[in-house]
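Report on the structure
The primary structure of each chain is shown beneath.
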Amino acid sequence: MEKPPRPILFDFHGVSMIDIFTSNWDNLQNFKARPDDILIATYPKAGTTWVSYILDLLHFGQTSPERQTSKPIHERVPFLEINVSPFAPGTELADTLPTSPRLIKTHLPVQFVPKSFWEQNCRMVYVARNAKDNAVSFYHFDRMNMVEPEPGNWDSFLKRFMEGKSDYPCCVLVSVVFGSWYDHVNGWWEKQQIHSKLHYMFYEDLVEDTGAQIDRLCSFLGLSPSAEEKERITTGSQFDNMKKDKMANYSTVTIMDFNISPFMRKGKVGDWKNHFTEAQNQHFDEDYKTKMMKNPTLRFRTEL
Ligand code: A3P
Ligand code: EST
């Protein structure tokens, strides 16, 4: 059977985007946030699903346990900017969410977040992942997700990931969806310094000590689960458990080809070592230093 065509990247206000993330722009920008909404923001492949799953369990694991077994995670936590036929747009799914609070996911760079989230002073959780593992995960995701652009080979993908920008006449060959990882993590980091309701966390810390990160999330969200409940969530959200969970592993989403790569792929810190050559690593490190100079306090771990 003929494969459907992959989407083409274009420049959108300085960020590389594809149609499914910009075609509902007016509704997105006019989205009416509520004061108790919780926005989960990430660059793609930084641990969005993991943190969404944890927050869903923290808020609704006790009160409506049937949610976790009957609704896929992308319905429990809608993806705000997505608009892909024949599915309802993310804004509509969020509008019709029956829960309180509503958990909403986004990959938007901070400058694109609809203004009502700031006006309503909503809580936001930003998850960041080290650039090397993030790039590897993104590469495998673009291979298996038919609504993402064609990733090409690893070397060409890595070059585009590093370039990240779309300030070229034609950005098709020079970037990835949602633009520069460097701009994304820095933009949200700078926002966190002036916005007290923004909790900035790291994928690597979650892998190292999930329980400690859940504690920090709870104090940010004003939650106090019992020790048993916390233990249940810590265990339930471990990689092997989530990988088995049909409501969390995206196996119900047909636009993803798990024969190419599963959504829950490895869940590790340091898998980049299996992908980067010596030369790629050296070039990446040199380039990284110049791009990440402006926020010396923003530090990532590439191994544990
Ligand atoms: P890998 O491709 O490196 O395995 P997102 O949800 O933002 O798309 O991120 C997906 C990445 O998070 C994938 O990384 C996936 O395996 C990883 N992930 C998802 N759940 C996880 C968990 N419980 N523990 C560790 N990693 C997890
Ligand atoms: C999830 C993460 C991501 O970074 C990109 C995409 C694009 C396609 C999305 C998928 C996703 C989440 C699940 C869907 C899917 C399109 C239909 C499905 O409902 C929203």
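Residues numbered from 1 in each chain as written. Chains lettered and ligands numbered in written order. Predicted model: local features only at pLDDT ≥ 70, side-chain atom pairs only at ≥ 80, totals over all residues. Heavy atoms only, no water.

1. Brief notes about the pattern of salt bridges
Counted according to the given criterion, the structure contains 14 salt bridges. Linked by salt bridges that have partners in common, Asp56, Arg67 and Arg76 make up one network. (Salt bridge = Lys/Arg side-chain N within 4 Å of Asp/Glu carboxyl O.)

2. A look at the site of ligand 2
With respect to spatial proximity, 14 residues lie near ligand 2, and among them His74, Ile82, Val84, Lys105 and His107 are the closest. Contact distances for ligand 2 include 2.9 Å between an oxygen atom and a side-chain N or O atom of His107. Grouping the constituent residues of the shell around ligand 2 by class yields nine nonpolar, three polar and two charged. (Near = heavy atom within 4 Å. Polar contact = N/O pair within 3.5 Å; in protein donor to acceptor, adjacent residues only side chain to side chain. Nonpolar A, V, L, I, M, F, W, Y, C, P; charged D, E, K, R; others polar.)

3. Some words on helix α8 (residues 131-144)
Residues spaced three or four apart along an α-helix point in a common direction, a consequence of the helix completing one turn every 3.6 residues. An ideal rise of 1.5 Å per residue puts 20 Å on 14 residues; α8 measures up with 20 Å between its terminal C-alpha atoms. A large share of α8 lies buried, amounting to 13 of its 14 residues. A side-chain oxygen of the first residue of α8 lies 3.1 Å from the backbone nitrogen of Lys132; this N-cap is Asn130. (Helix = DSSP H or I, 4+ residues; strand = E, 2+ residues; numbered from the N terminus. Expected span 1.5 Å × (residues − 1). Buried < 20%, exposed > 50% of the residue type's maximum accessible area, 1.4 Å probe, protein only.)

4. Examining the site of ligand 1
Not every one of the 18 residues close to ligand 1 is listed here, only the nearest: Thr48, Thr49, Ser137, Tyr203 and Lys266. One of the side-chain N or O atoms of Trp50 is found 3.3 Å from a nitrogen atom in ligand 1. Considered on its own, ligand 1 offers 570 Å² of accessible surface; in the complex 97% of this is hidden by protein. Elements that contribute at least two residues to the shell around ligand 1 include exactly α3 (48-60) and α14 (239-244). Of the residues in the shell around ligand 1, the class split is seven nonpolar, seven polar and four charged. (Areas by Shrake-Rupley, 256 points an atom, 1.4 Å probe, with all protein chains shown as cover.)

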